[in-house]
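Structure at a glance
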Amino acid sequence: MPLPSRCPFPLDSGAADIHGETAALRVLGPAARVVLPGGVPAWSVTDPGLVRRLLVHPRVSKDARLHWPAYLDGDLPSGWPLQIWIEIRTVQTAYGPDRRRLRRPLVPAFTARRVRDLAPRIEETVSELLDRLAEAARAAPDGIVDLRAHFAARLPWLTVAALVGLPETMYDGFQAVNDSVFETNLSAAQAAAITAEVARLCDDLIAVKTEHPGDDLATTLLDTHREGLLSDQEVPDSILMLLGAGYGTTACMLDHAVVNLLTHPDQLELAVSGRVGWEQVVEETLRHQAPVANFILRFPTEDLHDETTGMTFARGDALVINYAAAGRDPAVHGADAGRFDVTRATTRDHLAFGHGAHYCLGAELARLEGRIALPALFSRFPGLDLAVAPDRLTPLPSIIFNGHREIPVRLEGNPDTWA
Ligand code: HEM
């Protein structure tokens, strides 16, 4: 087993090559010392076994306010671009009883039955978005449209915005801030401006939902606040977290599924012909291109020794879970782990939705969106093709979300048959 390097590996804040970076980190051991954007030291945990053990370890916390000395001692750089990930007060940054308190009100919205009931609405939205995609392609002088903006990102956005209960007049404003809030190469001024805009939008939303409650998550959070079970800050923060968790993640999953299928026609053929189910395409995409590439941060609440790897993490060390690396681990998925293969036996053996106490609440919803959106897209536009070479697609500038800025495509075929 190679020893972890003593020289920390600087993560690229622009995330130009997430998988090149994870391959380099894996060579350094099951976890490697890294420097986060903004100059903050941390560990990147790449080994899937170690990831699983840390995610269920009772002495690993996500609460910087309790367990991160660098935060408590004021050692973080001012205007740190990742600050919002630490400061937001939600289930995602909570530990112990607080974690349970903050997760409890969200759970009923994600039961198997509630998610199944969303299917007709998602099918309707998909159909409308595909109509609009065809219109946009007809209107574009060169016939090129951005599939990410019109479809891969828009579907999850409309789905989660309705679930949270945003009035339609607020859809675009909230979507715009969500597009920038997760960029990890923002300047301090940009990060501050976005944080202020988010706070303003959340205040407006809370005013609307207080006046006009509905059958939605924002209303549930407000009711829970009224019962004294959530603080003033936890309500807007949970709203923002839900929108981000349901939107950027699923957008990246659909984005990579489409790009992978367009660049691997043999794999697309397996799905379109029905020889491989679309659920398998979704799982292989999650394994091969973990939409949440890195999740920040976790902190051992005491010195922690992992017997299996021999690694020791000190109390208060910052840990990044590298889901992108875990999905391509050669020991689990073989030497060709970097290949997109929808027939792979280990496809479902991924950690893209996390593991343990913080396991993704929206996993079944995201899977449902994929199973509905992908066959509908390829059946409506069988000639769909990328309008640029795959290596010209620009990655999102985020170490957290793994996707593309745009997916320029041509719908091809006869426009009369599109609608
Ligand atoms: C492909 C899409 C998705 C992926 C890859 C994904 C991934 C993840 C991951 C990795 C975590 C755990 C983070 C950690 O603690 O390390 C998580 C948590 C979470 N996800 Fe998702 N997610 C997706 C879709 C969704 C959707 C659609 C929703 C619903 C709005 C959602 C809501 C949540 C929530 C609320 C949590 C926090 C759970 C907790 O901390 O207890 N996610 N997700």
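Each value, and the rule that gives it
- Sequence order sets the numbering: in each chain, residues are counted from 1 along the sequence as written.
- With pLDDT at 70 or above as the cut-off, local features in this predicted model cover only qualifying residues; side-chain atom pairs require 80 or more to be listed or tallied, and sums for whole chains, interfaces and linings still use all residues.
- The side-chain quantities take in all heavy atoms of the structure and omit both hydrogens and water.
- Here the term donor refers to an N, O or S atom within 2.8 Å of the metal (or 3.2 Å for Na, K and Ca), and because water is left out of the atoms, sites may appear incomplete.
- Secondary structure counts use DSSP, requiring at least four H or I residues in a row for a helix and at least two E residues in a row for a strand, with both numbered from the N terminus.
- Salt bridge, as applied in this entry: a Lys or Arg side-chain nitrogen positioned within 4 Å of an Asp or Glu carboxyl oxygen.
- Think of it in three bands: with a 1.4 Å probe and only protein chains considered, a residue is buried below 20% of the maximum accessible area for its type, exposed above 50%, and partly exposed in between.
- In summary, the charge assignment counts Lys and Arg as positive and Asp and Glu as negative, without counting His or the chain termini.
- What makes two residues a contact is simply this: any of their non-hydrogen atoms within 4.5 Å.
- Here a strand pair is declared whenever DSSP counts at least two bridges between the two strands.
- Whether a residue is near a molecule or strand is decided by its heavy atoms; if any one of them lies within 4 Å of it, the residue is near.
- What qualifies as a polar contact is a pair of N or O atoms within 3.5 Å, subject to a donor-acceptor requirement within protein and to the restriction that residues adjacent in sequence count only when both atoms come from side chains.
- Remark: nonpolar core denotes a set of buried residues (Ala, Val, Leu, Ile, Met, Phe, Trp, Tyr, Cys) joined through side-chain atoms within 4.5 Å.
- The rule is short: rings of Phe, Tyr and Trp, with Trp giving its six-membered ring, pair when the centres are within 6.5 Å, and they are stacked under 30 degrees, edge-to-face over 60, tilted in between.

A metal bound by six donors in octahedral fashion has ideal angles of 90 or 180 degrees, whereas one bound by four tetrahedral donors has an ideal angle of 109.5 degrees. From the protein, the iron atom of the ligand takes a single donor atom, Cys 360 (SG), 2.3 Å away. Mapping Cys 360 onto the fold places it in the loop between helix H18 (330-333) and helix H19 (363-380).

Turning our attention to the pattern of salt bridges. If you walk through the whole model with that rule in mind, you get 25 salt bridges. In this structure, the salt-bridge partner of Arg 367 is Glu 283, at a minimum N-O distance of 2.6 Å. With Arg 367 in helix H19 and Glu 283 in helix H16 (residues 278-288), this pair connects stretches of sequence that are 84 residues apart. Glu 283 carries the same exposure label as Arg 367, and that label is buried.

Below, the discussion takes up the side chain of Arg 103. In this structure, Arg 103 sits in helix H6 (residues 97-103). Here Arg 103 sits buried without a salt bridge, and the closest side chain of opposite charge, Glu 364, lies 11 Å off (N-O distance). Ignoring sequence-local partners within four residues, the contact set of Arg 103 consists of Val 91, Ala 357, His 358, Tyr 359 and Leu 361.

We now examine the sheet that holds strand E10 (residues 385-386). As summarised here, the arrangement of the three strands in space is E5-E11-E10, forming an open sheet in which the pairing is antiparallel. Strands at the two margins of the open sheet, each flanked by one partner only, are strand E5 (144-146) and E10.

Turning to the site of the ligand, a few remarks are in order. Surveying the vicinity of the ligand reveals 29 residues, the closest of which are Lys 62, Arg 103, Tyr 323, His 358 and Cys 360. With respect to the ligand, the backbone of Ala 245 contributes an N or O atom lying 3.4 Å from a nitrogen atom. Separating an oxygen atom of the ligand from a side-chain N or O atom of Tyr 323 is a distance of 2.7 Å. Mapped by element, the contributors of at least two residues to the shell around the ligand are helix H14 (234-263) and strand E6 (294-300).

Let us now look at the nonpolar core. For soluble globular proteins, the rule of thumb is that nonpolar side chains tend to be buried together. One finds Trp 157, Leu 377 and Leu 384 to be the most contacted residues of the largest nonpolar core, which totals 90 residues. Sorting elements by how many residues they give to this core places H14 first, with 15 residues. Those residues in contact with Leu 377 that sit more than four places away from it in its chain are Leu 130, Leu 133, Leu 147, Phe 151, Val 258 and Leu 384.

The next subject is the packing of aromatic side chains. Both the distance between ring centres and the angle between the ring planes are used here to describe each pair of aromatic rings. Applying the stated criterion across every chain yields a total of seven aromatic pairs. Ring geometry for Trp 68 against Trp 80: centres 5.9 Å apart, planes inclined by 55°, an arrangement best described as tilted. Taken together, the positions of Trp 68 in the loop between helix H3 (64-67) and helix H4 (69-72) and Trp 80 in the loop between H4 and helix H5 (83-87) put the pair twelve residues apart, joining distant regions of the chain. As far as the burial class goes, Trp 68 and Trp 80 line up, both buried. Here the aromatic rings of Phe 353 and Tyr 359 are separated by 6.4 Å at their centres, their planes lie at 65°, and the arrangement is edge-to-face. By relative accessible area, Phe 353 is classed as buried at 10%. Following the ring pairs from residue to residue traces out a cluster consisting of Trp 68, Trp 80 and Phe 299.

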